[in-house]
Amino acid sequence: MLDFIIVGLGLSGLAVTSRLEERNKSYRVYENLSQKSSLVAGGIFNPVILKRFTLAWNADEQLKMAIPFYQQFEKKYNVSIVHFWDIYRRFYSAEEQNNWFDAADKPRLVRFLDTQLVKNINSHIDADFSYGRVSTTGNIDTEILLDAYRNDLKERALLEYEEFDYDLLKIEADHVSYKGEKAKNVIFCDGFGLKKNPYFNYLPLYGNKGEYITIFSEELKLDKAVKSSVFIMPMGNDLYKVGATYNNTDKSPEPTEEARKKLISEIDKVITCKYEVIDQIAGIRPSTADRKPLVGRHPKLANIYCCNGFGSRGVLIAPSVSKELIEMIEDNKELSPEIDLKRFTRKHFNAD
Ligand SMILES: Cc1cc2nc3c(=O)[nH]c(=O)nc-3n(C[C@H](O)[C@H](O)[C@H](O)COP(=O)(O)OP(=O)(O)OC[C@H]3O[C@@H](n4cnc5c(N)ncnc54)[C@H](O)[C@@H]3O)c2cc1C
């Protein structure tokens with residue numbers, strides 16, 4: 001009998017199975033390539049909310065765990081995944097600059113926000129005000145990471161590239177069986193796929209579509225990540241990722257003309273030189289009503305679990321939340337109430 005069946009191998013599935021590896025647990029993963037959120041993500045780890053200059057939920061603590069977590073895969077697969085760079089937040093008013101100084105005084109923000117403002121960072125970007133520098137930020141190359149991880153699991157015969165058919169799961173008191181194989185537990189890491197998951201689709205996972213365009217510009221020569229009305233991330237070879245959009249209504253997986261036009265109109269307000277759009281990608285962020293993850297045990301079924309709801313911050317959230325979930329299952333530890341899906345249980349099942 002397997003210890004676990006895992007459904008979905010995005011950042012959640014990757015983090016959960018890594019935690020199982022640490023404990024020498026046996027598992028099999030099903031991945032149907034239906035969702036792309038983890039693959040298209042900019043992979044940015046940035047603890048600061050750049051609109052209000054506040055700390056994102058638990059982000060300083062999550063960051064401490066996340067960096068070594070991802071660095072282990074650089075060693076394991078001999079690839080470059082963790083990139084550190086600063087973000088330059090473009091200000092739009094003197095008031096914003098003052099808010100920045102107020103925020104930079106706060107003890108939990110002091111290490112991230114530089115009080116030395118920067119005047120001009122690039123001759124092709126107009127800026128009436130200065131920039132604030134956010135440090136200890138960067139990105140995880142989620143595509144390289146997931147490719148390497150999925151190949152590894154496939155070679156070790158731990159991954160099946162196929163649809164997990166929820167109807168075929170049979171649940172007994174102390175185990176489950178699926179297509180003739182028995183396992184002690186199932187963990188659903190199915191991202192926005194949860195909408196089709198009969199065990200957890202009562203949870204308030206809304207989904208928020210995000211799109212990026214990639215532009216090519218020989219003239220721009222920007223070597224810094226800039227947060228203006230859009231995020232501009234240098235990728236090398238005169239390529240830049242620009243985005244991302246946020247759309248609560250469209251849940252289709254394909255890139256749209258509407259998002260492309262919006263991003264072009266935003267970038268035109270920021271850069272003054274010529275560029276060419278050469279690519280566009282889209283994914284659905286598994287976002288939730290209260291912006292906190294949805295983690296834990298099914299309210300009625302003891303061996304069915306969920307690890308979802310990472311919203312727009314999966315890179316920072318996945319390592320710590322997966323650890324909590326496995327400690328809950330294996331060591332009987334309590335989950336933090338703010339991530340525990342129990343907070344939505346009472347309403348739907350009239351039970352704790
Ligand atoms: C445009 C965009 C930009 C983003 N940028 C950032 C960023 O810079 N930083 C950051 O931290 N986060 C970012 N995010 C958010 C981040 O991508 C998510 O928080 C994270 O990837 C969610 O991971 P997940 O594993 O829960 O979901 P997913 O990545 O959606 O993975 C779920 C997996 O389950 C599979 N699946 C679903 N149903 C089934 C089934 N029935 N059978 C088998 N397999 C199934 C899917 O194919 C998928 O691979 C961004 C998202 C988008 C869309």
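These numbers come from a predicted model, not from an experiment.

Engineer: Is there a simple way to think about the site of the ligand in this case?
Structural biologist: Taken together, 40 residues surround the ligand, and among them Glu31, Ser38, Ile44, Phe164 and Gly311 come closest. Here Glu31 contributes a side-chain N or O atom positioned 2.6 Å from an oxygen atom of the ligand. The contact in question runs from an oxygen atom of the ligand to an N or O atom on the backbone of Leu33, over 3.4 Å. For the ligand, whose accessible area on its own is 1000 Å², the fraction buried by protein is 97%. Mapped onto the shell around the ligand, the elements with two or more residues apiece are helix H1 (11-22), helix H2 (37-40), strand E14 (208-216), strand E18 (276-285) and helix H7 (314-331). Of the residues belonging to the shell around the ligand, the class tally is 16 nonpolar, 16 polar and 8 charged. For the shell around the ligand, the two domains that each supply at least three residues are domain 1 (2-41 + 143-206 + 289-349) and domain 2 (86-136 + 208-284).

Engineer: Looking at this structure, how should I read the sheet that holds strand E17 (residues 239-243)?
Structural biologist: In a beta sheet, neighbouring strands pair by backbone hydrogen bonds and run either parallel or antiparallel. Spatially, E8-E7-E15-E16-E17-E14-E18 is the arrangement adopted by the 7 strands of the open sheet, whose pairing is mixed. Of all strands in the sheet, those bounded by a partner on one side alone are strand E8 (131-134) and E18. Within this sheet the neighbouring strands show an average axis-to-axis angle of 25°, counted without direction. Here strand E16 (residues 231-236) pairs with E17 via 5 bridges, running antiparallel. Bridged to Gly236 within E17 is Leu239. Packed onto the sheet, helix H6 (residues 257-270) meets strand E7 (87-90), E14, E16, E17 and E18 and runs at close to 55° relative to E14.

Engineer: Sorry, what's going on with the domain arrangement of the protein chain here?
Structural biologist: Quite often, the size of an interface is put as the accessible area lost when its parts meet. Splitting the protein chain by domain gives domain 1 (2-41 + 143-206 + 289-349) and domain 2 (86-136 + 208-284). In this assembly, 8 residues from domain 1 lie in contact with 9 residues from domain 2. Here domain 1 meets domain 2 over a buried area of about 660 Å², counting both sides, of which 60% is carbon and sulfur. Considering only the side of domain 1, the residues that lose the most area to domain 2 are Val40, Phe192 and Tyr206, jointly responsible for 60% of the buried surface there. Taken together, the residues of the side of domain 1 that touches domain 2 sort by class into 4 nonpolar, 3 polar and 1 charged.

Engineer: Is there a simple way to think about the sheet that holds strand E6 (residues 82-84) in this case?
Structural biologist: Here 3 strands make up an open sheet; going across it, the order is E3-E9-E6 and the pairing antiparallel. Lying at the two open borders of the sheet, with one neighbouring strand each, are strand E3 (44-45) and E6. Inspection of the sheet shows E3 paired to strand E9 (residues 138-140) by 2 bridges, in the antiparallel sense. Of the residues in E9, the one forming a bridge with Ile44 is Asn139. Contacting E3, E6 and E9, helix H3 (residues 59-77) crosses the sheet at an angle of about 130° to E6.

Engineer: Hey, could you run me through the UniProt feature "domain: FAD dependent oxidoreductase" (unreviewed entry) in the protein chain in this one?
Structural biologist: UniProt's entry tags residues 3-327 with the feature "domain: FAD dependent oxidoreductase" (unreviewed entry), counted in the numbering of this structure. For the annotated span residues 3-327, helix accounts for 27% and strand for 27% of the residues, and the straight-line distance between the end C-alpha atoms is 14 Å.

Engineer: Just checking my understanding: could you explain unusual backbone geometry for this structure?
Structural biologist: Trans is the prevailing form of peptide bonds, just as negative phi is the prevailing case for residues other than glycine. Following Gly243, the chain continues into Ala244 via a peptide bond in cis, with omega recorded as -10°. By the element assignment, Ala244 lies in the loop between E17 and H6. Backbone geometry places Asn58, a non-glycine residue, at a positive phi of 55°. By the secondary structure assignment, Asn58 is in the loop between strand E5 (54-55) and H3.

Engineer: Help me understand the nonpolar core in this model?
Structural biologist: Soluble globular proteins tend to pack their nonpolar side chains together in the buried interior. Judged by nonpolar contacts, the single largest core of 62 residues is most densely connected at Ile6, Tyr27, Tyr70 and Ile187. Among the elements that make up this core, the one with the highest residue count is H7 (9 residues). Residues within four places of Ile187 in sequence aside, it is in contact with Phe4, Ile5, Ile6, Val7, Val16, Tyr305, Cys307, Leu325, Ile326 and Ile329. Grouped together as the second largest cluster of nonpolar side chains are 25 residues, Leu2, Tyr30, Leu194 and Leu341 included.

Engineer: Sorry if this is basic, but what is going on with the layout of surface pockets here?
Structural biologist: The gaps of empty space that remain are located by a probe, the size of a water molecule, rolled over the atoms. Its volume calculated, the second largest pocket comes out at about 460 Å³. Lining the second largest pocket are 20 residues, and of these Ala41, Asp141, Glu143, Met235 and Lys241 sit closest to its centre. Split by residue class, the lining of the second largest pocket holds 10 nonpolar, 5 polar and 5 charged. The residue makeup of the lining of the second largest pocket includes at least three contributed by each of domain 1 (2-41 + 143-206 + 289-349) and domain 2 (86-136 + 208-284).

Engineer: Got a minute to help me understand H6 in this structure?
Structural biologist: Quick reminder: α-helices carry 3.6 residues per turn. Residues three or four places apart thus point the same way. Compared with the 20 Å implied by 1.5 Å per residue over 14 residues, the 20 Å span of H6 between its first and last C-alpha is a close match. Those residues of H6 that sit buried are Ala259, Leu263, Glu266, Ile267 and Val270. All buried residues of H6 lie within an arc of 95° about the axis, which places them on one face of the element. Facing away from the buried side of H6 by over 90 degrees, the exposed positions are Glu258, Lys261 and Lys269. Residues of H6 that are buried make contact with E7, E14, E16, E17 and E18.

Engineer: Please clarify how the packing of aromatic side chains should be interpreted in this entry.
Structural biologist: Each pair of aromatic rings is reported with the distance of its centres and the angle of its planes. Overall, the coordinates contain 17 aromatic pairs when judged by the stated rule. Relative to Tyr77, the ring of Phe73 has its centre 6.2 Å away and its plane inclined at 10°; by these criteria the two rings are stacked. One end of the pair is Phe73 and the other is Tyr77, both in helix H3 and 4 residues apart, which spans about a single turn. Of the residues examined, Phe73 reaches a relative accessible area of 1% and is grouped as buried. Both rings, one in Phe164 and one in Tyr166, keep their centres 5.7 Å apart while their planes meet at 75°; by these two values the pair is edge-to-face. Judged by its relative accessible area of 12%, Tyr166 falls in the buried class.

Rules and cut-offs
Residues numbered from 1 in each chain as written. Predicted model: local features only at pLDDT ≥ 70, side-chain atom pairs only at ≥ 80, totals over all residues. Heavy atoms only, no water. Near = heavy atom within 4 Å. Polar contact = N/O pair within 3.5 Å; in protein donor to acceptor, adjacent residues only side chain to side chain. Areas by Shrake-Rupley, 256 points an atom, 1.4 Å probe, with all protein chains shown as cover. Helix = DSSP H or I, 4+ residues; strand = E, 2+ residues; numbered from the N terminus. Nonpolar A, V, L, I, M, F, W, Y, C, P; charged D, E, K, R; others polar. Domains from an automatic or database assignment. Pairing = 2+ DSSP bridges. Axes fitted to C-alpha atoms, helices over the stretch in contact; angles between N-to-C directions. Contact = heavy atoms within 4.5 Å. Buried area = accessible area lost by both parts, 1.4 Å probe. UniProt positions renumbered as here; feature names shortened; annotations may be inferred. Core = buried A, V, L, I, M, F, W, Y, C linked by side-chain atoms within 4.5 Å. Buried < 20%, exposed > 50% of the residue type's maximum accessible area, 1.4 Å probe, protein only. 1 Å grid on protein atoms, 1.4 Å probe; cavity = no way out; pocket = protein on both sides within 12 Å on 5 of 7 lines; lining within 4 Å. Points joined across faces, edges and corners; volume = space filled by probe spheres on them. Expected span 1.5 Å × (residues − 1). Arc of directions from axis to C-beta. Phe/Tyr/Trp six-rings, centres within 6.5 Å; stacked < 30°, edge-to-face > 60°.

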